[in-house]
There are 2 protein chains.
Amino acid sequence: MLHALSDPMRLQIVRFLWPLEQDEEAPCSAIDLAITKSTTTHHFRVLREAGVIRQVYRGTAKMNALRRGDLDALFPGLLDAILTADAARRGREDRLARSPA
Amino acid sequence: MLHALSDPMRLQIVRFLWPLEQDEEAPCSAIDLAITKSTTTHHFRVLREAGVIRQVYRGTAKMNALRRGDLDALFPGLLDAILTADAARRGREDRLARSPA
DNA sequence: ACGTTCATACGATAAACGACGTACTACGAT
DNA sequence: ATCGTAGTACGTCGTTTATCGTATGAACGT
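Residues numbered from 1 in each chain as written. Chains lettered and ligands numbered in written order. Predicted model: local features only at pLDDT ≥ 70, side-chain atom pairs only at ≥ 80, totals over all residues. Heavy atoms only, no water.

## Topic: the pairing of strand E2 (residues 53-58) of chain B
All names here are of chain B. As judged from the 6 bridges shared by E2 and strand E3 (residues 61-66), these two strands associate in the antiparallel manner. Among the inter-strand pairings, Arg 58 is bridged to a residue of E3, identified as Ala 61. Here E2 hands over to E3 after 2 residues, with Gly 59 in that stretch at a positive phi of 65 degrees. (Pairing = 2+ DSSP bridges. Helix = DSSP H or I, 4+ residues; strand = E, 2+ residues; numbered from the N terminus.)

## Considerations on helix H3 (residues 37-49) of chain B
All names here are of chain B. The terminal C-alpha atoms of H3, which comprises 13 residues, lie 18 Å apart, in line with the 18 Å expected from a rise of 1.5 Å per residue. The complete set of buried residues in H3 reads Thr 40, His 43, Phe 44, Val 46 and Leu 47. Seen along its axis, H3 keeps its buried residues to an arc of 155 degrees; they face one direction. Of the residues in H3, the exposed ones pointing more than 90 degrees away from the buried face are Ser 38, Thr 41 and Glu 49. Where the residues of H3 are buried, they touch helix H1 (2-5), helix H2 (8-17), E2 and E3. (Expected span 1.5 Å × (residues − 1). Buried < 20%, exposed > 50% of the residue type's maximum accessible area, 1.4 Å probe, protein only. Arc of directions from axis to C-beta. Contact = heavy atoms within 4.5 Å.)

## Let's talk about the interface of chain B and chain A
Between chain B and chain A, the residue contacts involve 13 residues of the former and 13 residues of the latter. Summing both partners gives a buried area of about 1200 Å² for chain B against chain A, and 79% of it is carried by carbon and sulfur. Across the chain B-chain A interface, the total number found is 0 residue pairs in polar contact (both at pLDDT 80 or more). Put simply, the parts of the chain that give the side of chain B that touches chain A at least two residues each are H1 and helix H5 (78-98) of chain B. The dominant element in the side of chain B that touches chain A, judged by the number of residues it contributes, is H5(B), at 5 residues. Of the residues in the side of chain B that touches chain A, the class split is 9 nonpolar, 3 polar and 1 charged. (Buried area = accessible area lost by both parts, 1.4 Å probe. Polar contact = N/O pair within 3.5 Å; in protein donor to acceptor, adjacent residues only side chain to side chain. Nonpolar A, V, L, I, M, F, W, Y, C, P; charged D, E, K, R; others polar.)

See below:
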């Protein structure tokens, strides 16, 4: 589980899925990752097998959603802490990259 | 950082260091890990390079301590959430292993 | 029926990782 | 001076991992 979230790409996926409302879903293709489709499939599979997301076929597309409830039951506060920390970290890096005077 | 904590051995080290008071320290050898000394060194190095622990030589022994302050500043609540979740997970597994009637 | 789109499956490959053993250094005790 | 102890450095080995390309399958639109 921690391993599943310790990859930048996967964390980006989770970050993308995070603001969705309960039972709201997004197809895999909604996220623009700098990797090929097959690698994307791989990461989604890792997340699914770690219990982080659930995937359902809706006609032609495969919809994804975070398993917020289950995650908060098993790992209370974890996902929240990780995403908060990641947002802060990226904030720092952005500030660094812009090299303020 | 997440990667550093996503290994069972390293998590065990952090779990061991966790209950220590501020500025209390423990030598590497205080933890009984089911791995050789060289592998132990490797894991301690990963933790140190990830900023999770700090290591100081005290005479002949190398003392270790969690960098609680820095970690809570950079990743508020993360370590807490991880250790809580891990404790719960291990609790579940123990209960499963004992196979209650 | 045909092509398009979305996602998976199946290699292949290069890098990273965990684990080991051995050799080495630094310190303290005898 | 010698030995033991604690930890590191380095090389190796097998496994896992992230990435890719290509081929495949399922559903929709024309």
